[in-house]
Amino acid sequence: MTAAYELLKDSDAVHIWYGRAPDEPAPADTGPLSEEESRAVRRLPAPAAARYATAHAAVRRVLSGYLGVPPGDVALGRQPCPRCAHARHGRPRVDWPPTDLDFNLSRSGPRWALAVVAGRQVGVDLEDDRPLDVDGASRFVMSASELAHVRAAPDETARSHAFFRCWTRKEAVVKAIGVGIVTDLSAIDVRPAEDGPVLVRHTEPTGPDTWLVEDLPRIGGAFAALARQAGGTGPVVLRRYPDGAAAHGPEHPREQTEQTREVLIP
């Protein structure tokens, strides 16, 4: 492992890398991808192909900086689903090299965010601010107290923001668990009236049942939230993925002192 990994582990931190994909795919972005990812890129139309390739190449480049191997050598897979034990829709994991590094990717439009932590489970969600039927959507995914909080907001904008606070927190939790939105989201109360971090409890057949959940600063106007396994007390550090990384890659994240903008969240 690298000094970047040791720093992450010793500080019990969560690193949130974030960036924005171009509308046109860059040839350098397909280099680190697996064959399965490359096939996905070929099936997608522009700009979806560029967004997919950029984000997934960034995942491998960022992880390589912690793991000390070339991005193309990072082998990714999935944990078995906590409910059905199927690996196709479980949590993502690093299959090689051996590590306790955990990560989670979220994409929304051209933006992406990647959470990285050592020794704990983590989930992140990113959602563009977009018009939607807040009342209609809320009825299907909110607990009674969450629904009351959203409806009590003073105007349409505030109600939309309250909805996205709930939604990103819930999505971060189910992504950290690895069950996805097949879960009854209304059963996961993320306490949106509290600024956080907040403790959220949700039990599945395997894995932790208590999560520390918090809002992240808006990323390019998008809403974002983080869920990490309870017990983590280290800082949350936001890192902007370096411009031009498609060509060169942040192979050693701690060494990106000139290009990487780092923000510490208390």
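Scroll up to find the structure.
What you see is a predicted model; the values in this text were computed from it and never measured.

A word on the sheet that holds strand S9 (residues 222–229). Ordered by their spatial adjacency, 4 strands build an open sheet running S6-S9-S8-S7, and the pairing between neighbours is antiparallel. Two strands close off the open sheet at either side, each with one partner strand: strand S6 (122–127) and strand S7 (198–201). When strand polarity is set aside, the average angle formed by the axes of neighbouring strands in this sheet is 30°. As defined by bridge partners, S6 adjoins S9 across 6 bridges and the pair is classed as antiparallel. Looking across to S9, one finds that valine 122 is bridged to arginine 228. Contacting S6, S7, strand S8 (210–219) and S9, helix H6 (residues 156–177) runs over the sheet at an angle of about 145° to S6.

Take the pattern of salt bridges next. Taken as a whole and assessed by the stated rule, the structure comprises 20 salt bridges. In this structure, arginine 51 engages aspartate 23 in a salt bridge whose closest nitrogen and oxygen atoms are separated by 3.9 Å. A residue pair is termed long-range when its members are at least 10 positions apart, and arginine 51 in helix H3 (residues 48–67) and aspartate 23 in the loop between strand S1 (14–20) and helix H2 (35–43) qualify at 28 residues. The exposure class assigned to aspartate 23 is partly exposed, which follows from its relative accessible area of 46%. The shortest N-O distance in the salt bridge between glutamate 127 and arginine 130 comes to 3.4 Å. Put simply, Arg165, Arg169, Asp195 and Asp215 are held in one network by salt bridges that share partners.

Here is what the cut-offs are and how they apply
- Residues numbered from 1 in each chain as written.
- Predicted model: local features only at pLDDT ≥ 70, side-chain atom pairs only at ≥ 80, totals over all residues.
- Heavy atoms only, no water.
- Pairing = 2+ DSSP bridges.
- Helix = DSSP H or I, 4+ residues; strand = E, 2+ residues; numbered from the N terminus.
- Axes fitted to C-alpha atoms, helices over the stretch in contact; angles between N-to-C directions.
- Contact = heavy atoms within 4.5 Å.
- Salt bridge = Lys/Arg side-chain N within 4 Å of Asp/Glu carboxyl O.
- Buried < 20%, exposed > 50% of the residue type's maximum accessible area, 1.4 Å probe, protein only.

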